Amino acid sequence: MSSLGLLKYDVRVLLALQQAISGSAKFFEFLATQGYPELAAFSNFLQDDIEAEQWLVQHNYHWLGLLSHAIDGDSASRDWVRTHLHEANIMFALACRKDDKAISWLRFMKLEILLRLAEEVALLRNKQEMDTFFPYKMRF
């Protein structure tokens, strides 16, 4: 039996996650202090915070780290998510990369919250990719 993954969270909590991903310190703090530190860490890991990934692993939320790697296109992580989590999670990961079939599937399944999250992650990823083109933002 596969785990529900992101589907185990209330829609309101996932809306807070969307805001945290967009950079809202208020919603990040809400997640971190109101029983969802794994989602706060996930939002940080999506922004390339390696310590957040370590926290996820140490606190038995490795699946969120694997979900982030699946979003990044790692095939082994995608296989793991596909095998161990509810199908909506792999569709979410693919939708974060603007996969039309995944977006259509999420829409058909009426998983609007995952579509909203995917759009936010896509915006974040696009910003990260743009930042690498500007020398004054390059990391050394």
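That block above? That's the structure.
Residues numbered from 1 in each chain as written. Predicted model: local features only at pLDDT ≥ 70, side-chain atom pairs only at ≥ 80, totals over all residues. Heavy atoms only, no water.

J.: What's the story with the nonpolar core in this structure? I'm lost.
T.: Here is a general trend for soluble globular proteins: nonpolar side chains tend to be buried in one another's company. Judged by nonpolar contacts, the single largest core of 44 residues is most densely connected at Leu 6, Leu 67, Phe 92 and Leu 114. Those elements that provide at least two residues to this core are α1 (11-21), α3 (37-45), α4 (50-58), α5 (62-71), α7 (87-95), α8 (100-108) and α9 (112-131). Apart from the residues within four sequence positions on either side, Leu 6 is in contact with Leu 14, Leu 39, Trp 63, Leu 64, Leu 67, Asn 89, Phe 92 and Leu 114. (Core = buried A, V, L, I, M, F, W, Y, C linked by side-chain atoms within 4.5 Å. Buried < 20%, exposed > 50% of the residue type's maximum accessible area, 1.4 Å probe, protein only. Helix = DSSP H or I, 4+ residues; strand = E, 2+ residues; numbered from the N terminus. Contact = heavy atoms within 4.5 Å.)

J.: Before we go on, may I ask you to explain α8 in this structure?
T.: Side chains that are three or four residues apart share a direction in an α-helix, a result of its 3.6 residues per turn. Taken as a whole, α8 has its buried residues at Ala 102, Ile 103, Trp 105 and Leu 106. Burial along α8 is one-sided: seen end-on, the buried residues are contained in an arc of 160 degrees. Exposed side of α8, more than 90 degrees from the buried face: Asp 100, Lys 101 and Phe 108 are the residues found there. The opening residue of α8 is Asp 99, an N-cap whose side-chain oxygen sits 3.0 Å from the backbone nitrogen of Lys 101. Of the residues flanking the end of α8, it is Lys 110, one or two places downstream, whose phi is positive at about 60 degrees. (Arc of directions from axis to C-beta. Polar contact = N/O pair within 3.5 Å; in protein donor to acceptor, adjacent residues only side chain to side chain.)

J.: Looking at this structure, I do not really get the environment of His 62. What am I missing?
T.: Position of His 62 relative to the elements: it lies in helix α5. Taking the C-alpha atoms as reference points, His 62 and Phe 42, separated by 20 residues in sequence, lie 10.0 Å from one another. The contact partners of His 62, leaving out residues within four places of it in the chain, are Leu 56 and Trp 80.

J.: Would you take a moment to explain unusual backbone geometry for this structure?
T.: In most cases, non-glycine residues show a negative phi, while peptide bonds are predominantly trans. Despite not being glycine, Asp 48 shows a phi value in the positive range, around 70 degrees. With respect to the helices, strands and loops of the structure, Asp 48 is situated in the loop between α3 and α4. A relative accessible area of 39% places Asp 48 in the partly exposed class. The backbone of Lys 110 shows a phi angle near 60 degrees, a positive value even though the residue is not glycine. Relative to the helices and strands, Lys 110 is located in the loop between α8 and α9. Judged by its relative accessible area of 69%, Lys 110 falls in the exposed class.

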